[in-house]
Amino acid sequence: MIANGTNQKERKKMGLDQYAKLKGQKLNFEKIFSDECKPEEHGFYWRKHARLQVFMNRQWIKQNEHKYKKLLEGKDKEEGFDMSHLGFNAGDTVYMTEEVVKALEKAIKEDYYSYFASDGFFWGQQFQEDAVNEYRKLDEQFLDFCKKALAEKKVVEYECSW
């Protein structure tokens, strides 16, 4: 088990995995899943932080309106298993701009009150309040990391897989 409450075996199960790093940086999962993890150096990782995902999904929609429209139009009606309303997934990125960082700071201060996850089968929405509390320190660390990166004109990326 590591500081953020996730171990390597849990990551292999279906569910929401969330990552953030500097553009061009490679995530170091060996370090992330160890007691030696330094998120600023190895990358940030959250497991089933549903409200953070709702927040980031809204930011992704703002940054990718055209892509989101296509996502909604491309529903796979034959399968009958449409999850496009949950938004972005593997391969898509939220860029941590000043606007996004300011909104994230407000969301963290308000315990993500406006980002309730009413859906998200694989996201852990059933224990989202616990995740807000358990990840508070990591969220604040990430916020500071983003502010520092912006001041240094570096790009921070957030991605997920579910």
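Keep in mind that what you see is a predicted model, and the values were worked out from it rather than measured.

Cut-offs used in this document
Residues numbered from 1 in each chain as written. Predicted model: local features only at pLDDT ≥ 70, side-chain atom pairs only at ≥ 80, totals over all residues. Heavy atoms only, no water. Patch = residues over 30% accessible without salt bridge, like charges linked within 9 Å, V, L, I, M, F, W, Y side chains within 5 Å. Areas by Shrake-Rupley, 256 points an atom, 1.4 Å probe, with all protein chains shown as cover. Salt bridge = Lys/Arg side-chain N within 4 Å of Asp/Glu carboxyl O. Lys, Arg positive; Asp, Glu negative; His and termini not counted. Charge placed at Lys NZ, Arg CZ, Asp CG, Glu CD. Helix = DSSP H or I, 4+ residues; strand = E, 2+ residues; numbered from the N terminus. Buried < 20%, exposed > 50% of the residue type's maximum accessible area, 1.4 Å probe, protein only. Pairing = 2+ DSSP bridges. Expected span 1.5 Å × (residues − 1). Arc of directions from axis to C-beta. Contact = heavy atoms within 4.5 Å.

### Concerning a negative patch on the surface
Residues Glu40, Glu41, Glu140 and Asp144 make up a contiguous surface patch of negative charge. Looking at the negative patch, the elements that each hand over two or more residues are helix H3 (39-42) and helix H8 (136-151). Take aspartate 144: it is sitting in helix H8. The exposure class assigned to aspartate 144 is partly exposed, which follows from its relative accessible area of 49%.

### A look at the environment of cysteine 160
If you trace the backbone, cysteine 160 turns up in strand S4 (residues 156-161). The exposure class of cysteine 160 is buried, given its relative accessible area of 3%.

### Brief notes about the pairing of S4
Sheet topology note: the strand S1 (residues 17-22)/S4 ladder contains 6 bridges and is antiparallel. The partner of alanine 20 across the bridge, within S4, is tyrosine 158. Pairing analysis gives 2 bridges linking strand S3 (residues 94-95) to S4, with the strands arranged antiparallel. Bridging across to S4, tyrosine 95 finds its partner in glutamate 157.

### Focus: H8
The terminal C-alpha atoms of H8, which comprises 16 residues, lie 23 Å apart, in line with the 22 Å expected from a rise of 1.5 Å per residue. Looking at H8, one finds that the buried residues are Leu138, Asp139, Phe142, Leu143, Phe145, Cys146 and Ala149. The buried side chains of H8 occupy one side of the element, clustering within an arc of 165° when seen end-on. Turned more than 90 degrees from where H8 packs its buried face, Lys137, Lys148 and Ala151 sit exposed. Packing partners of the buried residues in H8 comprise S1, H3, strand S2 (44-47), helix H4 (50-63), helix H6 (98-109) and S4. Lysine 153 occupies a position one or two residues after H8 and carries a positive phi of about 60°.

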